Amino acid sequence: MKAFRCGDVVPGCARAFTGTEDEILAEVARHAQADHGLTEVPAELVERVRGAMVVA
Ligand SMILES: [Zn+2]
């Protein structure tokens, strides 16, 4: 299991995710669309999300 805090990439966001890397990336994509207005998650952001994940 891994964990990711959106606030590590988007300052001020309190949302946190746990799950497998793929689950987290899927959740983050939905969250980014719903709460951050991103219509798609650029590869650069995916890399930042992966880099910010910690083992949970
Ligand atoms: Zn967020």
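Keep in mind it's a predicted model, so treat the numbers as computed, not measured.

To continue, consider the sheet that holds strand E1 (residues 2-5). The strand order E2-E1-E3 describes an open sheet built from three strands, whose pairing is antiparallel. Sheet topology places strand E2 (16-19) and strand E3 (54-55) at the edges, where each strand pairs with a single neighbour. Alignment of E1 against E3, held across two bridges, turns out to be antiparallel. Each residue of the ladder has a partner; that of Ala3, found in E3, is Val54.

All right, on to the nonpolar core then. Residues Phe4, Cys6, Val9, Cys13, Phe17, Ile24, Leu25, Val28, Leu45, Val49, Ala52 and Met53 constitute the largest nonpolar core, which totals 12 residues. Of all the secondary-structure elements, those providing two or more residues to this core are helix H1 (21-36) and helix H2 (43-52). Residue contacts for Val49: discarding those within four places in its chain leaves Phe4, Val9, Leu25 and Val28.

Donor atoms from the polypeptide that bind the zinc ion are Cys6 (SG), Cys13 (SG), His31 (NE2) and His36 (NE2), placed at 2.0 to 2.3 Å. With four donor atoms in place around the zinc ion and angles of 101 to 114° between them, the coordination shape is tetrahedral. Mapped onto the sequence, the residues coordinating the zinc ion show the spacing C-x6-C-x17-H-x4-H. You can see Cys13 sitting in the loop between E1 and E2 and its partner His31 sitting in helix H1, a full 18 residues away along the chain. The class for His31 is buried, based on a relative accessible area of 4%.

So, on to the pattern of salt bridges. For the structure shown, the criterion picks out five salt bridges. Glu27 is the partner of Arg30 in a salt bridge, and the nearest nitrogen-oxygen pair spans 2.5 Å. On the criterion of helical spacing, the pair formed by Arg30 and Glu27 is a turn pair, its members being three residues apart in helix H1. Using a relative accessible area of 30% as the deciding quantity, one classes Glu27 as partly exposed. Across the salt bridge formed by Arg50 and Glu47, the nearest N and O atoms sit 3.9 Å from each other. With Arg50 and Glu47 both in helix H2 and three residues apart, the pair spans about one turn of that helix. Through salt bridges with shared partners, a single network forms among Lys2, Glu21, Glu47 and Arg50.

Criteria and thresholds
- Residues numbered from 1 in each chain as written.
- Predicted model: local features only at pLDDT ≥ 70, side-chain atom pairs only at ≥ 80, totals over all residues.
- Heavy atoms only, no water.
- Pairing = 2+ DSSP bridges.
- Helix = DSSP H or I, 4+ residues; strand = E, 2+ residues; numbered from the N terminus.
- Core = buried A, V, L, I, M, F, W, Y, C linked by side-chain atoms within 4.5 Å.
- Buried < 20%, exposed > 50% of the residue type's maximum accessible area, 1.4 Å probe, protein only.
- Contact = heavy atoms within 4.5 Å.
- Donors = N, O, S within 2.8 Å, 3.2 Å for Na, K, Ca; no water.
- Tetrahedral: all angles 85-135°; square planar, octahedral: opposite > 155°, others 65-115°.
- Salt bridge = Lys/Arg side-chain N within 4 Å of Asp/Glu carboxyl O.

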